[in-house]
Amino acid sequence: MVTYELLEKTDNKILYIYHPEDDRDSDPGIIAVYTDQQKIMVEKAAERDSVHVATVEGMNDLREAINASRKEEGLPELTEDELPRPTHDEEYYYYASHAMSNIREKLNSGQIPENGMSAWY
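The following refers to the structure shown.

About the cut-offs
- Residues numbered from 1 in each chain as written.
- Predicted model: local features only at pLDDT ≥ 70, side-chain atom pairs only at ≥ 80, totals over all residues.
- Heavy atoms only, no water.
- Helix = DSSP H or I, 4+ residues; strand = E, 2+ residues; numbered from the N terminus.
- Buried < 20%, exposed > 50% of the residue type's maximum accessible area, 1.4 Å probe, protein only.
- Pairing = 2+ DSSP bridges.

Focus on unusual backbone geometry
(1) Moving on: Within the chain, E21 stands out as a residue other than glycine whose phi angle is a positive 55°.
(2) Moving on: Within the secondary structure layout, E21 lies in the loop between β2 (13-20) and β3 (29-34).
(3) Moving on: On the basis of relative accessibility, which here comes to 28%, the residue E21 falls in the partly exposed class.
(4) Moving on: A positive phi angle is found at Q38, which is not glycine, with a value near 50°.
(5) Moving on: If you trace the backbone, Q38 turns up in the loop between β3 and β4 (39-44).

Notes on the pairing of strand β7 (residues 115-118)
(1) Moving on: Side-chain alternation along β7 places G116 and S118 on a buried face and N115 and M117 on a face that remains uncovered.
(2) Moving on: Relative to β7, strand β1 (residues 2-9) runs antiparallel, the two being bridged by four bridges. Paired with T3 across the bridge in β7 is M117.

Structure (structure tokens):
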């Protein structure tokens, strides 16, 4: 679970602080949304966050598993538009990625969230 709060908003940038496991005793991270570029990124990782790596091999294995399931259901395989084949490993911050997904979803629906939470387990 991760929580986040609006820290600052300007014409082209929105800053959020985020707390892995809502831990207010450790250093929070900072997520920046650049509205003019439609870009969201981690400016500072939270003390309790960690980098995870999704390898090309792992992502291709997932793609193959999805295609096998689709084939069993009589559906066509995934297209490149639906899920492009990976060309390089992807690194991401575990907790920040969940907060960013939640923030992005709300921004795409026209909201600028003051705060929020994402739980996935």
